[in-house]
Structures are given as structure tokens and as C-alpha cells.
Amino acid sequence: MSEVRNPVEPFLRMDRMPHIWCPGCGIGTTVNCFTRALIESKVDLDHVTIVSGIGCTGRVAGYVKLDSFHTTHGRAIPFATGLKLANPKLNVIVYSGDGDLSAIGGNHLIHAARRNIDLKIVCVNNLIYAMTGGQTAPTTPNDAVTSTAPYGSYEPAFNLPHLVEAAGAVYVARWTTYHVRQLARSMQEAFAKKGFSFIEVLSPCPTLYQRRNKLGDGLETMKYYKEKSKVRNGAPTSEVGLTMQGEIIVGKFVDRDRPDYRELMRHRLAETLGDRYVECEELVCS
Amino acid sequence: MRGKWGIMAKGAVKIVVERCKACGFCVEFCPTKVLALSSAFNSKGYHPPHVVATEKCSGCDLCGMYCPDFAIFGYRQPQPQATPNKETADAR
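Small disclaimer: the values here were computed from a predicted structure and weren't measured.

Could you clarify how one ought to interpret empty space enclosed by the protein in this entry?
In this approach a probe as big as a water molecule rolls over the atoms, and the regions it shows empty are the leftover space. All names here are of chain A. Applying the stated criterion across every chain yields a total of five cavities of 30 Å³ or more. Of the volumes computed, that of the largest cavity is approximately 120 Å³. Lining the largest cavity are 13 residues, with Leu127, Tyr224, Thr243, Gln245 and Ile248 sitting closest to its centre. Secondary-structure elements contributing two or more residues to the lining of the largest cavity are helix H8 (206–212) and helix H9 (218–228). Of all the elements, H9 adds the most residues to the lining of the largest cavity, at three residues. Taken together, the residues of the lining of the largest cavity break down into nine nonpolar, four polar and no charged.

Teacher, can you tell me more about the packing of aromatic side chains here?
Two measures describe an aromatic ring pair: the distance that separates the ring centres and the angle between the ring planes. Summed over all chains, the structure comprises nine aromatic pairs over all chains. An angle of 55° between the planes, with centres 5.3 Å apart, marks the rings of Tyr178 of chain A and Phe29 of chain B as tilted. Of this pair, Tyr178 of chain A sits in the loop between strand E5 (171–176) and helix H7 (180–192) while Phe29 of chain B sits in helix H1 (residues 25–29), placing the two residues on different chains. Overall, Phe29 of chain B belongs to the buried group, its relative accessible area being 9%. Joined through ring pairs, the aromatic side chains of Phe34, Tyr95 and Phe191 of chain A make up one cluster.

Looking at this structure, I do not really get the pairing of strand E3 (residues 91–97) of chain A. What am I missing?
Residue and element names in this part refer to chain A. Burial runs high along E3: seven of the seven residues are buried. Residues of E3 alternate between two faces, with Asn91, Ile93, Tyr95 and Gly97 on one and Val92, Val94 and Ser96 on the opposite face, all of them buried. Where strand E1 (residues 48–52) and E3 come together, four bridges link them in parallel fashion. Directly across from Val48, in E3, lies its bridge partner Asn91. In the sheet, E3 pairs with strand E4 (residues 120–125) via five bridges, with the strands oriented parallel. Looking across to E4, one finds that Ser96 is bridged to Cys123.

About the thresholds
- Residues numbered from 1 in each chain as written.
- Chains lettered and ligands numbered in written order.
- Predicted model: local features only at pLDDT ≥ 70, side-chain atom pairs only at ≥ 80, totals over all residues.
- Heavy atoms only, no water.
- 1 Å grid on protein atoms, 1.4 Å probe; cavity = no way out; pocket = protein on both sides within 12 Å on 5 of 7 lines; lining within 4 Å.
- Points joined across faces, edges and corners; volume = space filled by probe spheres on them.
- Helix = DSSP H or I, 4+ residues; strand = E, 2+ residues; numbered from the N terminus.
- Nonpolar A, V, L, I, M, F, W, Y, C, P; charged D, E, K, R; others polar.
- Phe/Tyr/Trp six-rings, centres within 6.5 Å; stacked < 30°, edge-to-face > 60°.
- Buried < 20%, exposed > 50% of the residue type's maximum accessible area, 1.4 Å probe, protein only.
- Pairing = 2+ DSSP bridges.

What follows is the structure, given as C-alpha cells:
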């Protein structure tokens, strides 16, 4: 029998394995789902680009054997926006963490959603700044102990699906690393969708979040996801906020259509300039 | 690959022992409970999983989807020309 290979291996830079993620961390699981979604959706891999910022999840751009871009902290979306506008043929995926996307890059997130730029955002949410030592992030739920909140966090947390829906995203879903098949399907749907798509993935951080809060290891967290998550497709995003060890509402919350940035731009320029407006398919030299 | 009850396994798993970090996701979430963490160590000091029920593996590749370290995956065995078991095929 011919040698069977792990389906994820052709998508990875194997010379960089083993990766730096901790035992029990869920980021590798999301990468598995991502590669399965790429295989299933049969997209042209020459036109797929991954952009990521800084953080544990930011390492994905370095490990995946696609055109990838590891950018400055929080600026994954601006780089991706430039890439998409210069070369509209590309399928640009932003793969980053909650701290990078919603805190340092929070402004970029809401404005990219407002302008409806055709980006696919995969936000791996481990509820904390993991790479820098477990500080409180805007997504840290109430009562969670972090390195900067030793008596428990008292700041109200972001409800990311609600935030991006309000800002104008056309596709919003949330899954956990337990829901691997659903996550892969959701990513596939996002690849096919035109406009700003946002997928939040809850992932364990056993080293910093679970350990400080005495919640066991990665496996315990996966069991908690299995037990406490409830699939509610189309749930109003205002009701899906996360609480400390509470119920997790998962599912596809928003799937709607809105003209994207390029369409609006084309429409306005063609209207104003008439024949003088020449559409350029690709601005980059090959 | 004939198992205890003379059933041909429908699938198999491949494990790269040295890449494993023993998180236990594959063992916990294998739908047919094919795997268990072994008592042996790899060179990093983790206990990688090993197959304890070869004949039960359906080759669904859920272990491969869960493994954060890309150390395991499942695949379907090419079935010999024997007539497939109608009941189990339908159940899937």
C-alpha cells in the first residue's frame, strides 16, 4: 500500500515542526479545521493568503505553507486590506488572536467590518493575552484571575459577535475547538462568502488561563466546551456574551448580504468618472 | 488486520510519536474508543497514544481533526471486494 500522509502536512512548513504551542492548546486544532476547509472548498491555493498579527495565534502564518504575512501587532487587518485592494483576486484570510484583533487592532476590526472589506477573519479567542504572560484582555470574562488582575477581573468583556455584527459584518459565527467539523464547514462557508466574515473560535489556554483559574488542563476545557456549549444558529448576538465557565452559545449567528467595499467604490467611481474610470484587475506585478 | 471478532477494521490511524504532546484529545474524543495513552515515553517525556482496539477504527479522522500537534490521523482502509455489511454501512 502506498504511503498515506496526514492531510494537514502538505499545508505546513514541516521543517518548523514541532510548533511552540503548549500541550492542550487548541490553536493546532483550528489549523486542522482550516486545512480541511481549504481541501473541501477546492480553492486555488495560489490565491489564498494568510495574514496574522502578533501572539500565539499569530504564529499560524509562519507555520502554514501558503503565501503568508506575519505583521505588526494589531495591524493584521490593515495589511490584509491593502493586500485585498491591490490584488482583488486573492482570498485573504486574517488568522489572529483575540488580543491582536479586538484590543490592539480593535479599531481596525470595526472599520474593516463597517466598510465591508472582503476579508475572512478567524479569531482564536483564548480569553487572555497568552504570549505575553496572561494579562487581562478585553475578552477576559468577569471574575477570571489573570496576571494583571490577581483578585479577579472586574472589567466588562467584549462580546465579539455582537461587536462585529453591529459594525456591519456579513457573516458571523462562533465555535469552540470541540466543534471541529462545524468549524471546518463554517470556514468553508466564509471562503465562499463575499464581504467581511468573522469566525470566533474559543480555544483553551491551559498554561495561563486555565492554570491561574484552577480549571484543569486543555482536555478539561474541551470537556467543558462539550458539556456547556449549545448550538443556536441565528441566535441574536446580543445574547451570546461569554461568562466565566457559563454556557457558551455557538453557531452561525449572521449570514446576510451587503455590497462590499470594492463594489461600492466601483459604483461611485464609474458613476462620477464615466468612461474615464478603468477597472484594474490586478495592481501587483507578477 | 482481523480483530477479535473477525471483523475487518474499516480504518486505521497513524501516529507520529515524537510530535505528540499527550494532550489526550484524540483519546477522549475518538467515537469508537480506539486509543489510549500508553505508558511509554517519547523523547520529550510525553506519553503518546497507542491503538488498543484496532478492529473498532472506522477511519473517520476525528483524531486528526482534534490533534493540535498534527501527530495523528485516521484514514479509511481500502475495502476488499467482500460485500459490505449493509447494517453498519447504513448506520454510518
